[in-house]
Amino acid sequence: MWIAYGFMLPAAILVAVLMYWPMIDTFRESLYATTFLNPNPTFIGLKTYEQLFGDSTFWQIVRNSIIWTIGVVFLQNVGGFLIALLLNQKLPGQGILRSLILLPWVLPGVVAAILWRFMYDPQLGLINSFFMRLGIVEHGVGWLAEPSTAMAAVIFAAFWKGFPFSTVVFLAALQNVDQEQVEAAKIDGAGSLRRLFDVVIPAIWPVAVVNVLLTTILTFNYFDIICVLTRGGPLNATAIFPTRIYEVGFGQFKFGEAAAYGSLSVLVLVLFVGLLLLVQRRQVKAA
Amino acid sequence: MASRGKSLIGKVPLVILQLAIAFLVLAPFFWMLSVSLKPANEPFAIPARLWPDNPTLENYILAFRPEFRRYFLNSIIVSGATVLITVPLALLAAYSLTRYQFRILSVFLAAVILAQFFPAGAMIIPIYKMVKAANLLDTYASLIIAYITVTLPVAIWMLRGFLTRVPKTLEEAAAIDGARPLRAFFDIVIPLARPGIVATTVFVLIVTWQEFLFALSFTSTKEMRTLPVGMNDYIGQYGIRYGELMASSVMVSLPVIVIFFFLQRQFVSGLTAGAVKG
């Protein structure tokens, strides 16, 4: 009997003190004004939130966070699924590729970001050198320095780093699909596309939902890639919640405002995930 | 025979597509390796040369300087300590979650699942203040505390998945033979759960080895920085010495890549078990 409680207790205390308490405390903190010049917190109620809602930077962060999350999650899961389908075809050389494919995911985020910073470099980068050789562009493009291309560039780098995870999970799910059903559909004369949509996709749908939720949460909170590639710039074009929280909290030492951003990031994430689940349920009902 | 030949020809586009994916995955790695082996003047050839004419290890020797060795040591200490705390605690918790059915345990399980979704950005200010109040800023302890929050819930979740598949009958048989519950845990459960323990350990290592946000915020002196923060500093410091930057990138990545390749099979099965079985 004592094992049940005794074994659980250390982990339970740590989760409570190090996770639940900070989550609550973040909200409390956001009701106080603490700045570098005035380190003694003064209670100001919801004033920080009022200011944020009137601040165009805040709304830009919300918009960027949503674009970034949808972009990365879409590429990672659709791309990851298509690549998993391909790797499930029993082609020559697949064993090696299946082990190599997780490499980007294992690579530390900062290193991956440094690599892509270099890949995107206007003068020395492989991408520009490739485009220049093909004659598509005449001079190197500063992919990360242009507000119009920076977001797409960081999304692609994050896709590269993250898609192997989705691919591996989808591969495992594809290998669990009942082959008899697939064969039965074949005998009924269903072509490969029909089999994909009528048999395979419904079979792996639960895994896909979990995968999308997981990548949504991880991407929304992902700091490393954007911090190293652009620091949220140029002109906040790639600033998302985590980079903004770091900048406000540890760059400007405005803890109250950083905490408000933190609380709001939870709210935005919850709304976003809720909406996703709602759409998912609708689709299942419609199908 | 004819149909076989036809299906092989039909597979050619797929093989080409597969090569394209291999290229997408490997090109940045190839580039990292290539630049790290270039002598100091070669990275600047325009358009860039794909492979150095005279490969050299001089960048590695230059990059493996005392401060880099210090970052390396710090990363090993912080990751190692986190593994030593998180994995045993998660194993105990997972054991209690899979072997007993009390209401409080299901509450705890729900709390753990929910906690996995807490954004680090939302918790960082209170944890920072906590660590500061305890006078632990810029110490290993501050990072280990932060890394427990990052890894503990996932570790419990992963190990729970493994332990549900370890049959209870062996423990029950041991109990009938008069073994105390604790003995059964150490002699039967731990050996059977070893693949799960290995997979979880690798996962915690990969996560902590690359953790950046907390390490960047909680360390202020060079003596305490971990590899990711040190690498981030290098971007500015190295200026245009790309060869050294890429050589240190290779050295930072190598430990996790090597560990991963040795333990890949167990790791992937552990990772997908949780997600696929939901």
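Because the structure is a prediction, the values reported are computed rather than measured. (Residues numbered from 1 in each chain as written. Chains lettered and ligands numbered in written order. Predicted model: local features only at pLDDT ≥ 70, side-chain atom pairs only at ≥ 80, totals over all residues.)

## Quick notes on the overall build of chain B
Next up, step 1: Helix and strand counts for chain B stand at 13 helices and 0 strands.
Next up, step 2: In chain B, which comprises 278 residues, the proportion classed as buried is 44%.
Next up, step 3: Partitioning the intrachain contacts of chain B with sequence separation of at least 6 by distance along the chain shows that 77% fall at a separation of at least 24. (Helix = DSSP H or I, 4+ residues; strand = E, 2+ residues; numbered from the N terminus. Buried ≥ 20, exposed ≤ 12 C-beta atoms within 10 Å, placed from the backbone. Contact = placed C-beta atoms within 7 Å.)

## A look at the overall build of chain A
Next up, step 1: If you tally the helices and strands in chain A, you get 13 helices and 2 strands.
Next up, step 2: Summarising its shape, the C-alpha atoms of chain A cover approximately 75 × 70 × 40 Å along the three principal directions.
Next up, step 3: Across the 287 residues of chain A, 42% fall into the buried class.
Next up, step 4: Contacts in chain A between residues at least 24 apart in sequence constitute 68% of all its contacts with a sequence separation of at least 6.

## Brief notes about the nonpolar core
Next up, step 1: Of all hydrophobic cores here, the largest spans 150 residues; its most connected members are Ala11, Val154, Ala157 and Ile225 of chain A together with Ala90 and Ala93 of chain B.
Next up, step 2: Top element by residues in this core is helix 8 (residues 147-175) of chain A. It accounts for 17 residues.
Next up, step 3: When residues of this core are assigned to domains, at least three fall in each of domain 1 (2-44) and domain 2 (58-277) of chain B.
Next up, step 4: Once residues lying within four places of it in the same chain are set aside, the contact partners of Ala157 of chain A are Ala112, Ala113, Trp116, Ile225 and Leu229 of chain A. (Core = buried A, V, L, I, M, F, W, Y, C linked by C-beta atoms within 7 Å. Domains from an automatic or database assignment.)

## A word on helix 6 (residues 109-119) of chain A
Next up, step 1: Counted residue by residue, helix 6 of chain A has 11 buried out of 11 residues, so it is predominantly covered.
Next up, step 2: Buried within helix 6 of chain A are the following residues: Gly109, Val110, Val111, Ala112, Ala113, Ile114, Leu115, Trp116, Arg117, Phe118 and Met119 of chain A.

## Thoughts on the interface of chain A and chain B
Next up, step 1: Contacts between the two partners involve 73 residues from chain A and, on the opposite side, 74 residues from chain B.
Next up, step 2: For the side of chain A that touches chain B, the element with the highest residue contribution is helix 1 (residues 2-29) of chain A, accounting for 16 residues.
Next up, step 3: Looking at side-chain class alone, the side of chain A that touches chain B contains 56 nonpolar, 13 polar and 4 charged residues. (Nonpolar A, V, L, I, M, F, W, Y, C, P; charged D, E, K, R; others polar.)

## Things to note about the packing of helix 12 (residues 241-251) of chain A against helix 6 (residues 120-133) of chain B
Next up, step 1: Running from N to C, helix 12 of chain A and helix 6 of chain B point in directions that differ by 20 degrees, and their axes come no closer than 9 Å. In terms of orientation, helix 12 of chain A lies roughly parallel with respect to helix 6 of chain B. Considering how the two elements wind past one another, helix 12 of chain A and helix 6 of chain B form a crossing that is right-handed. Contacts from Phe241, Pro242, Ile245 and Gly249 of chain A of helix 12 of chain A reach helix 6 of chain B at Gly121, Ile124 and Ile125 of chain B.
Next up, step 2: Tallied by class, residues from the contact of helix 12 of chain A with helix 6 of chain B come to 5 nonpolar, 2 polar and no charged. (Axes fitted to C-alpha atoms, helices over the stretch in contact; angles between N-to-C directions. Parallel < 35°, antiparallel > 145°, perpendicular 65-115°, else oblique. Left-handed = near helix turned anticlockwise from the far one by under 90°.)

## Comments concerning the domain arrangement of chain B
Many structure descriptions define interface size as the accessible area lost when the parts assemble.
Next up, step 1: Assigned domains within chain B: domain 1 (2-44) and domain 2 (58-277).
Next up, step 2: Classifying every residue of the side of domain 1 of chain B that touches domain 2 of chain B gives 6 nonpolar, 1 polar and 1 charged.

## What to know about unusual backbone geometry
Outside of glycine, negative phi angles account for most residues, and trans bonds account for most peptide bonds.
Residues and elements named next belong to chain A.
Next up, step 1: Here the residue pair Gly233 and Pro234 is connected by a cis peptide bond, since its omega of -10 degrees sits within 30 degrees of zero.
Next up, step 2: If you trace the backbone, Pro234 turns up in the loop between helix 11 (224-229) and helix 12.
Next up, step 3: Unlike most non-glycine residues, Asn236 shows phi in positive territory, near 65 degrees.
Next up, step 4: Its place among the elements puts Asn236 in the loop between helix 11 and helix 12.
Next up, step 5: Take Asn236: there are 18 C-beta atoms within 10 Å of it, and that puts it in the partly exposed class.
Next up, step 6: The backbone of Phe253 sits at a positive phi, close to 55 degrees, despite the residue not being glycine.

## Details of the environment of Leu14 of chain B
Next up, step 1: When you line up the elements, Leu14 of chain B lands in helix 2 (residues 12-36).
Next up, step 2: Apart from the residues lying within four places of it in its own chain, the contact partners of Leu14 of chain B are Leu86, Gln89 and Leu91 of chain A.

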